Amino acid sequence: MNHYESEAITRFKDGKAIERVLRWMRADFGSGDARRHQHVRIWATVVMLTAAKLLGATSATLVKYATSGEVSGDYEAVVGYAGIIVQ
């Protein structure tokens, strides 16, 4: 997810992205919302979610969210990771 910013910024940005993934599965808010999201890596997620919906997926569940700071102890430049089940 987010790369090499502080823990607080990464959690904020990733939280917004995770919320959008979970909301995508509850209601189709269309590509306009994804276009407004400035995070370049969102497009791989948009493609995956679109394919999942076309194949019948109707829900998404956050399994775990963590940052590299939790392992390294460096909270100034972390990478965020999210596990989300789409079904």
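Residues numbered from 1 in each chain as written. Predicted model: local features only at pLDDT ≥ 70, side-chain atom pairs only at ≥ 80, totals over all residues. Heavy atoms only, no water.

**Q** Even after reading the chapter, I still don't get the environment of alanine 52, so can you show me in this structure?
**A** With respect to the helices, strands and loops of the structure, alanine 52 is situated in helix H3 (residues 42-54). Overall, the relative accessible area of 15% leaves alanine 52 in the buried class. Distance from alanine 52 to methionine 25, taken between C-alpha atoms, is 9.1 Å for residues 27 residues apart in sequence. Not counting chain neighbours up to four residues away, the residues in contact with alanine 52 comprise Ala57 and Val86. (Helix = DSSP H or I, 4+ residues; strand = E, 2+ residues; numbered from the N terminus. Buried < 20%, exposed > 50% of the residue type's maximum accessible area, 1.4 Å probe, protein only. Contact = heavy atoms within 4.5 Å.)

**Q** Hey, could you run me through the sheet that holds strand E3 (residues 78-86) in this one?
**A** By definition, the strands of a sheet pair up through backbone hydrogen bonds, in either a parallel or an antiparallel sense. Sheet architecture is open: three strands sit in the order E1-E3-E2, paired in antiparallel fashion. The open sheet is flanked by strand E1 (3-5) and strand E2 (60-67), the only strands paired with a single partner. Between one strand and the next, the sheet's axes are offset by a mean angle of 35°, whatever the strand orientation. (Pairing = 2+ DSSP bridges. Axes fitted to C-alpha atoms, helices over the stretch in contact; angles between N-to-C directions.)

**Q** Help me understand the nonpolar core, please; the structure alone is not making it clear to me.
**A** Proteins that are soluble and globular tend to have nonpolar side chains buried together. Ile18, Val21, Leu22, Trp24, Met25, Ile42, Val46, Leu49, Ala52, Ala57, Ala60 and Tyr65 together form the largest nonpolar core, which totals twelve residues. Taken together, the elements giving at least two residues each to this core come down to helix H1 (7-26), H3 and E2. (Core = buried A, V, L, I, M, F, W, Y, C linked by side-chain atoms within 4.5 Å.)

**Q** Would you explain the pairing of E3 in this entry?
**A** Where a strand is regular, its side chains alternate between the two sheet faces. Two elements, E1 and E3, share two bridges in a ladder whose sense is antiparallel. Its bridge partner lying in E3, glutamate 5 is registered against valine 78. Bridge count for E2 against E3 is seven bridges, and the pairing is antiparallel. If you follow alanine 66 over to E3, its bridge partner there is tyrosine 81.

**Q** What is the right way to look at H3 in this model?
**A** Along an α-helix, a turn takes 3.6 residues, which lines up residues three or four apart on a common side. End to end, H3 covers 18 Å across 13 residues, agreeing with the expected 18 Å (1.5 Å per residue, within 8%). Three or more residues of H3 are buried, namely Ile42, Val46, Leu49 and Ala52. What you see down the axis of H3 is that its buried residues fit within an arc of 130°, all on one side. Projecting away from the buried face of H3 at angles above 90 degrees are the exposed residues Ala44, Val47 and Leu54. (Expected span 1.5 Å × (residues − 1). Arc of directions from axis to C-beta.)

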